[in-house]
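Descriptive analysis of the structure
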Amino acid sequence: SLAGTGGVQPNGAVSYGPEDPLVMYVVLRKDLDWPVGAQVNQACHACAAVAWEARDDPVAAAFFSEAEGQMTQHTLGASDLGQFTKLSDKLCAAGVRFRVWVE
């Protein structure tokens, strides 16, 4: 699973606010022949890891406290490891913070 947060601007600056809210994306591989419960557990592990690693970040703290009245998350799927790796590479190149969870 890949989970991350980010609001990277074209100039590389990171900004968040009501007009650019923080959003967490969870990306799951669709080619794994795992039961739904196992996939949900892995997504939860990834989200917990992101929350723990961002615990001292004031923007993340506001997101997790729902101070803005929202805690927006989206779950997406990667067709296979190749597509997942390609996405990971793009996030790195764009400077977007993310976390890959591997069981």
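Everything quoted here is computed from the prediction, not taken from an experiment.

As enumerated under the stated definition, the model contains three salt bridges in all. Two residues, Arg-99 and Glu-53, come together in a salt bridge whose shortest N-O distance is 2.6 Å. With Arg-99 in strand E4 (residues 98–100) and Glu-53 in helix H1 (residues 36–53), the pair connects residues that are 46 residues apart, well separated along the chain. On the basis of relative accessible area, Arg-99 is assigned to the partly exposed category, the value being 23%.

Within the largest apolar cluster, seven residues are counted, these being Leu-22, Met-24, Val-26, Leu-28, Ala-43, Val-50 and Phe-63. Elements that contribute at least two residues to this core include exactly strand E2 (24–29) and H1. Looking at this core, the element that brings in the most residues is E2, giving three residues.

When pLDDT is averaged along the protein, the result is 82; 79% of the residues meet or exceed 70. When pLDDT is averaged over each helix and strand of the protein, the minimum, 53, is found for strand E1 (residues 2–5) and the maximum, 94, for helix H3 (residues 81–94). Note on residues 5–13: pLDDT under 50 across the span, and 22 contacts to partners over four residues away in sequence or across chains.

Below, the discussion takes up the state of the cysteines. What we call a disulfide is simply a covalent bond connecting the sulfur atoms of a pair of cysteines. A full pass over the atoms with the stated rule returns zero disulfides. In this model Cys-44 remains outside any disulfide bridge; the closest cysteine sulfur is found in Cys-47, 6.6 Å from its own. On the basis of relative accessible area, Cys-44 is assigned to the partly exposed category, the value being 45%.

If you trace the backbone, Gln-42 turns up in helix H1. Given the relative accessible area of 10%, Gln-42 is considered buried. Side chain to side chain, Gln-42 and Glu-103 meet in a polar contact 3.3 Å long.

The rules we used
Residues numbered from 1 in each chain as written. Predicted model: local features only at pLDDT ≥ 70, side-chain atom pairs only at ≥ 80, totals over all residues. Heavy atoms only, no water. Salt bridge = Lys/Arg side-chain N within 4 Å of Asp/Glu carboxyl O. Helix = DSSP H or I, 4+ residues; strand = E, 2+ residues; numbered from the N terminus. Buried < 20%, exposed > 50% of the residue type's maximum accessible area, 1.4 Å probe, protein only. Core = buried A, V, L, I, M, F, W, Y, C linked by side-chain atoms within 4.5 Å. pLDDT = per-residue confidence, 0-100. Contact = heavy atoms within 4.5 Å. Disulfide = S-S within 2.5 Å. Polar contact = N/O pair within 3.5 Å; in protein donor to acceptor, adjacent residues only side chain to side chain.

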